[in-house]
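Topology and contacts: notes
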Amino acid sequence: MLFTPVAWADDATGDASASQSDQSSAQQHAETLTIAQSTPVVSASSGFHMQVVVANHSDSDAPAGSLTATINALFTFASRSDMQSWAENGTHIPTPNLLDSVDVPSIKAGGSSTVSFNIPADNQTLSLLRSWGPKPLQLVYVAGDAQAELHSFLTRSTDGLNTAQTPAMNLTVAMPLTSGDWQTNDQAITNIIEETDAPASANGSEKDTDDDANNTGTGSSDTDAGSSSGNSNGSSSGSSTSGSAEDSGSSDSFNGGTGTATTAGSTPLAINAQSLAATRTLEQTAAKHPALQLVADPVYVQQSGSTGTVAGVMQPADFDITSYAAINDPASYGNAGIADNQWSAKTAQTQYAVAAKTAAAPTAYAWQGAANWSMDALTKARAQGYTTVIANASFDNEQTDTVHTGTYVVNTSAGDVTVLKAQSELSTLAQGRATSEAAAAETSDAGRLARLMAQSAFYQMEQPYTSRHLLMTFNRDSTSGWVNQVMSALEGASWLSLTGLDAMAAADPYDVSDSVNQGDGTPDMSATRTILDQLITSRQHILRLGDSILEDSVNATDLSSLDPQALARRDANSTANHDNDQTQWMADLLAVHDDMALRALTGAEPSDAHQRMADAAMNMASTLLNSVSITPSESVSVFSESAKMPITVSNALPYAVSINVNSITDSMQIVTSRTTSLVIPAHSEAQVAFTIRVSTSGSTTAHVSLTDRSGTAFGNVQNTPITSVLRISDASGFIIIGFAVLLGVVGLWRQFNRKKDPDE
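Residues numbered from 1 in each chain as written. Predicted model: local features only at pLDDT ≥ 70, side-chain atom pairs only at ≥ 80, totals over all residues. Heavy atoms only, no water.

1. Comments concerning the overall build of the chain
Scanning the chain from N- to C-terminus turns up 21 helices and 28 strands. For the chain, the proportion of its 760 residues judged to be buried stands at 54%. Put simply, of all contacts in the chain between residues at least 6 apart along the chain, 77% involve residues at least 24 apart. Total accessible area computed for the chain in this model is approximately 31,000 Å², and 48% of it derives from carbon and sulfur atoms. (Helix = DSSP H or I, 4+ residues; strand = E, 2+ residues; numbered from the N terminus. Buried < 20%, exposed > 50% of the residue type's maximum accessible area, 1.4 Å probe, protein only. Contact = heavy atoms within 4.5 Å. Areas by Shrake-Rupley, 256 points an atom, 1.4 Å probe, with all protein chains shown as cover.)

Printed below as a string of structure tokens:
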């Protein structure tokens, strides 16, 4: 019986054997093997240690059996395809050298058993390893009639071997220090809306951190960019309204990572407790491995209070530049609240310098997002001041026989861009994915690490005397434990020289061109487009509040006149001075919205976290509009041809509003006056009376609604029942009617009973 993996993360970068995959999917297997632990690099003194989990997925108990580990000590892999084929159980390589065989107890149905190999350094088979590099490792489990097989790798270092020493291959290991796990603090947002506490931006100032990195007009003023992006509705006018970066930090308290703040003075957006704890652990891991190149998101550093050493900074809030270029609609991004100066290289460097309290500005790198680094994306990144970008393996579609330096230079209309391309197999494994579905041993961390070390050793052996610089990248959410395992193994690899991003960027490029060689596939931007449209709508709602609902309207021109540096310096002590300044209040609201928008469009694949930020922006806009509402009223009864229908409208906002109240009925016989203008003071109520006119008895419903001064509806609709009863209202009426009837009867009686006059 052959082995089939239990689970696999499908992001393969190598070519799987089609026939092998078909065979595996066509068969049902009861026993599986998973590598739980393994010595990643075998040296002269390390020995070899491995733990394997044997699982029984059948409905019956498995009898006692044995697990055997064998290698081929003299075999040398000739090509990458040979290694991939071995990993997929797609090729037969004899493994005559026995490492060890251990007994496996009987396993109950649905159960598992963990067995260990502890092979000392002086083991006879290990002594047969006369050459360094990856060797084929085979695990075979036999229990009764059942058999499971697993292919992996044992990698021998040069330690203790009498072999020629060749130059180490340069490898750069990078990881983005960022998070998409942002949460909203409803109480802090309410405080800003009601002005019951000091307004605070989500992370300090994302858009205005120094004189060169801000812009309150309709475009970008980044001195490195040399370009601008306009906003059709003046949406970037509020883009310089965040609070001071010094005001934010890691002091916010969140309950169990749920995103619910426990302190009323917390900022509107913050990272939950689990993510903050992970940051601390990752910083400790990075301190143990100085070769790890952390590229920090300055917005994340501001909020988390991270103090670790970084190799560079990335675009603020991990903004997805590649999707921005793929959608190719700068106006929509501006209307959603994302101005170019928010994510420029200078802004990133300045924000980090403020957060880290350092005068040094680290190198800015643009990290690849959910789409590819197209020529348009590279051009835009360069215009924004990024001279170096980090790309995944999709950047170059060329297939080569051997690996080469991952440094490229692309000539764009905005200037040259250095592209650091991640090596495909190494980065796939480092990011916790198997190289193919059939690579069964790579379903576990230990199995992936064994393959990673074997693969890196093979790459050095391909061209041992050729200088090459490779890049390996971790995920945005790689755990500190996994990072520690990988870095410890790489640091023990004698064939590798761990270098920095700056050294790789300075290496002789593999290719210099004015084009990019990528696949023909077009990324699906529908999810990002949906979020972008939602953000446009929510921001338009807020702008409409200022322009068409507030009594003293605040438009884009008013907002653009604010001093961005004064806004950036605001703190909790300025609340008193903030009273009766509705222009500043509107700017604060837009700042919070735009902070949410930036976090809703990060470089990770579209997820619930992105939608959560977009929903939070829409909820805030809806809360603002719903703060002006019609108070529920009782039904109205009409006993004459006309009457009054009183309507009360409340305003929970801290500033007066001027709106229109409208009424319309379902009946042509019972109607109301249509529209009445109304001014409602801050935190107050006002009443308006509609005239009801009736021509018959009956009933109908009056639909009362609110519109802004431009006639656009907002807020709630109040349905008020109206009943009309035309009836005699007192005794005098009955007397008059009775007297009229009497006169009528007398008149008729005279007409028929009177005597004719003789003259007639």
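From this point, the narrative continues.
2. Brief notes about the sheet that holds strand S1 (residues 31-38)
An order of S1-S2-S5 is seen for the three strands of this open sheet, with the pairing classed as antiparallel. The open sheet has two edge strands with one neighbour each: S1 and strand S5 (112-119). Looking at each pair of strands side by side, their axes are set apart by 20° on average, direction ignored. (Pairing = 2+ DSSP bridges. Axes fitted to C-alpha atoms, helices over the stretch in contact; angles between N-to-C directions.)

3. Things to note about a nonpolar patch on the surface
A cluster of nonpolar side chains, Phe 739, Leu 742, Leu 743 and Val 746, forms an exposed patch at the surface whose accessible area comes to about 390 Å². Tracing the sequence through the fold places Leu 742 in helix H21 (residues 731-753). (Patch = residues over 30% accessible without salt bridge, like charges linked within 9 Å, V, L, I, M, F, W, Y side chains within 5 Å. Salt bridge = Lys/Arg side-chain N within 4 Å of Asp/Glu carboxyl O.)

4. Things to note about the sheet that holds strand S24 (residues 670-672)
Spatially, the four strands line up as an open sheet ordered S20-S22-S26-S24, and their pairing is antiparallel. The sheet terminates laterally at strand S20 (628-630) and S24, the two strands that pair on one side only. Across this sheet, the average inter-strand angle for adjacent strands is 30°, counted without regard to direction. Alignment of S20 against strand S22 (residues 642-651), held across three bridges, turns out to be antiparallel. Bridge pairing in S22 places Ile 630 opposite Val 649.

5. A look at the pattern of salt bridges
This model, assessed by the stated rule, comprises ten salt bridges. Where Asp 329 meets Arg 529, a salt bridge forms, and the shortest distance between an N and an O atom there is 3.1 Å. Here Asp 329, found in the loop between helix H7 (321-327) and helix H8 (330-336), pairs with Arg 529, found in helix H15 (residues 526-549); they are 200 residues apart in sequence, far enough to count as distant. Using a relative accessible area of 22% as the deciding quantity, one classes Asp 329 as partly exposed. Accessibility expressed as a relative area gives 24% for Arg 529, which makes it partly exposed. Ionic contacts of the salt-bridge type, sharing partners, join the residues Asp 329, Arg 529 and Asp 533 into one network.

6. Focus: the packing of helix H12 (residues 445-462) against helix H13 (residues 480-491)
Contact pair H12 / H13: the axes reach a minimum separation of 11 Å and the direction vectors enclose 30°. Between H12 and H13, the crossing angle belongs to the class labelled roughly parallel. When the axes of H12 and H13 are compared, the crossing they make is right-handed. In contact with Asp 445, Arg 448, Leu 449, Leu 452 and Met 453 of H12, H13 contributes Trp 482, Gln 485, Val 486, Ala 489 and Leu 490. Partitioning the contact of H12 with H13 into residue classes produces seven nonpolar, one polar and two charged. (Parallel < 35°, antiparallel > 145°, perpendicular 65-115°, else oblique. Left-handed = near helix turned anticlockwise from the far one by under 90°. Nonpolar A, V, L, I, M, F, W, Y, C, P; charged D, E, K, R; others polar.)

7. Some remarks on the packing of aromatic side chains
Considering all chains together, one arrives at twelve aromatic pairs under this definition. With a centroid separation of 6.4 Å and 55° between ring planes, the pair formed by Phe 458 and Tyr 459 is classed as tilted. Take Phe 458: its relative accessible area is 4%, and that puts it in the buried class. Consider the rings of Trp 585 and Tyr 655, whose centres lie 5.2 Å apart with planes at 50°: the pair is tilted. Residue Trp 585 is located in helix H19 (residues 582-599), and its partner Tyr 655 is located in the loop between S22 and strand S23 (657-665); the two are separated by 70 residues in the primary sequence. A relative accessible area of 0% places Trp 585 in the buried class. Among the aromatic residues, ring-to-ring pairing joins Phe 319, Tyr 324, Tyr 333 and Trp 343 into one connected group. In this structure, Arg 599 is placed above the aromatic ring of Trp 182, and the distance from its NZ or CZ to the ring centre is 4.1 Å. (Phe/Tyr/Trp six-rings, centres within 6.5 Å; stacked < 30°, edge-to-face > 60°. Lys NZ or Arg CZ within 6 Å of the ring centre and 35° of its normal.)

8. Some remarks on helix H4 (residues 186-194)
Regarding H4, the residues found buried are Ala 188, Ile 189, Asn 191, Ile 192 and Ile 193. Buried residues along H4 sit in contact with strand S9 (182-184), H19 and helix H20 (608-626). Near the N-terminus of H4, the side chain that reaches the backbone nitrogen of Gln 187, with its oxygen 3.2 Å away, is that of Asn 185. Just downstream of H4 lies Glu 195, where phi reads positive at about 55°. (Polar contact = N/O pair within 3.5 Å; in protein donor to acceptor, adjacent residues only side chain to side chain.)

9. Here's the deal with the nonpolar core
Counting 139 residues, the largest nonpolar core has Trp 373, Met 472, Phe 474, Leu 490 and Val 649 as the members making the most contacts within it. Of the residues forming this core, the biggest block, nine residues, is contributed by H19. Of all hydrophobic cores here, the second largest spans 31 residues; its members include Leu 67, Ile 71, Val 115 and Ala 446. (Core = buried A, V, L, I, M, F, W, Y, C linked by side-chain atoms within 4.5 Å.)

10. With respect to the environment of Lys 135
Residue placement: Lys 135 occurs in strand S6 (residues 133-143). By relative accessible area, which is 1% here, Lys 135 ends up buried. Sequence separation between Lys 135 and Ala 454 is 319 residues; the distance between their C-alpha atoms is 7.9 Å. Apart from the residues within four sequence positions on either side, Lys 135 is in contact with Asn 72, Ala 73, Phe 75, Thr 76, Phe 77, Leu 129, Ser 152, Phe 153 and Leu 154. Looking at Lys 135, its side chain comes within polar contact range of the main-chain oxygen of Phe 75, at 3.0 Å.

11. Here's the deal with the side chain of Thr 691
With respect to the secondary-structure elements, Thr 691 resides in strand S26 (residues 684-694). A polar contact is formed between the side chain of Thr 691 and the side chain of Lys 644, at a distance of 2.7 Å. If we ignore the near neighbours within four places in the chain, the residues touching Thr 691 are Ala 643, Lys 644, Val 671, Thr 672 and Ser 673.

12. So, H15
Look at H15: 33 Å from first C-alpha to last across 24 residues, which is about the 34 Å you get at 1.5 Å a residue. Maximum bend of H15: about 25°, positioned at Leu 543. (Expected span 1.5 Å × (residues − 1). Bend = angle between axes of the 7 residues up to and from the residue.)

13. Quick word on the environment of Gln 463
Along the chain, the position of Gln 463 falls in the loop between H12 and strand S17 (469-473). Since its relative accessible area comes to 26%, Gln 463 is described here as partly exposed. Separated by 297 residues in the primary sequence, Gln 463 and Thr 166 place their C-alpha atoms 9.8 Å from one another. Setting aside residues no more than four positions away along its own chain, Gln 463 makes contact with Thr 402, Val 403 and Arg 468. Side chain to side chain, Gln 463 and Thr 402 meet in a polar contact 3.4 Å long.

14. Side note on the pairing of strand S11 (residues 293-296)
Going residue by residue along S11, you find Gln 293 and Val 295 tucked away on one face and Leu 294 and Ala 296 tucked away on the opposite face as well. When strand S8 (residues 169-177) meets S11, the two strands line up parallel, connected through four bridges. Among the inter-strand pairings, Met 175 is bridged to a residue of S11, identified as Leu 294. Running through helix H6 (residues 298-304), the crossover from S11 to the neighbouring parallel element strand S12 (residues 312-313) is right-handed. (Right-handed = clockwise from strand over helix to strand, strands pointing away.)

15. Observations concerning the packing of helix H5 (residues 273-288) against H13
For the pair H5 and H13, interaxial distance at closest approach is 9 Å and the crossing angle is 5°. The angle between H5 and H13 places the two elements in the roughly parallel class. Contacts from Thr 281, Leu 282, Thr 285 and Lys 288 in H5 reach Ser 480, Val 483, Asn 484 and Glu 491 in H13. Residue composition of the contact of H5 with H13, by class: two nonpolar, four polar and two charged.

16. Re the side chain of Thr 499
You can see Thr 499 is positioned in strand S18 (residues 496-499). A relative accessible area of 15% places Thr 499 in the buried class. With near-sequence residues (within four places) excluded, Thr 499 lies in contact with Asn 170, Leu 171, Thr 172, Ala 291, Gln 293 and His 469.

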